[in-house]
Amino acid sequence: MEVTNSSAALLCNYEVLTYLNELKSKAQTAQEKNSHLATILYETSHYLTDSLNNAPRIANIPEFLTDLLSFPVALTKEEKLLLVNSPPSSALQLSLLIKDCDDRLSENQIESLLEIIKKNVTEEQLNIVNQQTSRKKQQQQ
């Protein structure tokens, strides 16, 4: 297999999962012939399903990306993809996703970006994350 254009498109985890589900439904007979492909599809879709269900996620990706256009600092495609795949809830998490975050963004801009993210994260996912955080704190005590 040869990669012809490695940066033709960037896909978020949700898009990859959707594609894998379509591929699984179309290629059931082809997968029986190649058990390795079936295993890879199963493991990958299982991982993506778990990660999407147990972590906060952006509810409406196009709306989120439109909101990022109004943000005063230009973010790279890769940074936007990281924000979509694993939306941060704190400045520390944000600094891990954005290259040179402290140099490029002021504290006000960091707070503004976190507000944009919080606005676009699904409410039920925020509740799940808050419950998980509470459980972890209780276990540590």
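The biggest cluster of nonpolar side chains holds 20 residues, and the ones touching the most others in it are F64, L83, L94, L105 and L113. If we ignore the near neighbours within four places in the chain, the residues touching L113 are L68, F71, L75, L94, I98 and L105. By size, the runner-up hydrophobic cluster in this structure holds five residues, among which are L17, L41, L48 and L52.

Mapped onto the secondary structure, S45 falls in helix α3 (residues 35–53). On the basis of relative accessible area, S45 is assigned to the buried category, the value being 4%.

Another point: the packing of helix α4 (residues 61–69) against helix α5 (residues 77–85). Helices that pack against each other are described as a pair by the angle of their axes relative to one another and the distance between those axes. Interhelical geometry of α4 versus α5 gives an angle of 135° and a closest axis separation of 11 Å. If you check the angle between α4 and α5, you find them oblique. The way α4 lies across α5 gives a crossing that is right-handed. Every residue of α5 that contacts α4 at I61, F64, L65, L68 and L69 is listed here: K80, L83 and V84.

Here the focus is the pattern of salt bridges. Here the structure, examined in full by the defined rule, presents two salt bridges. Residues K119 and D67 are paired through a salt bridge, measuring 3.0 Å at the closest nitrogen-oxygen approach. Separated by 52 residues along the polypeptide, K119 in helix α8 (residues 107–120) and D67 in helix α4 bring together distant segments of the chain. The exposed category is assigned to K119, whose relative accessible area is 56%.

Our next topic: α5. Since the α-helix packs 3.6 residues into each turn, any two residues three or four apart lie on the same face. Among all positions of α5, only E79, L83 and V84 are buried. Burial along α5 is one-sided: seen end-on, the buried residues are contained in an arc of 140°. The inward-facing, buried residues of α5 abut α4, α6 (91–97), α7 (101–104) and α8.

Conventions used here
Residues numbered from 1 in each chain as written. Predicted model: local features only at pLDDT ≥ 70, side-chain atom pairs only at ≥ 80, totals over all residues. Heavy atoms only, no water. Core = buried A, V, L, I, M, F, W, Y, C linked by side-chain atoms within 4.5 Å. Buried < 20%, exposed > 50% of the residue type's maximum accessible area, 1.4 Å probe, protein only. Contact = heavy atoms within 4.5 Å. Helix = DSSP H or I, 4+ residues; strand = E, 2+ residues; numbered from the N terminus. Axes fitted to C-alpha atoms, helices over the stretch in contact; angles between N-to-C directions. Parallel < 35°, antiparallel > 145°, perpendicular 65-115°, else oblique. Left-handed = near helix turned anticlockwise from the far one by under 90°. Salt bridge = Lys/Arg side-chain N within 4 Å of Asp/Glu carboxyl O. Arc of directions from axis to C-beta.

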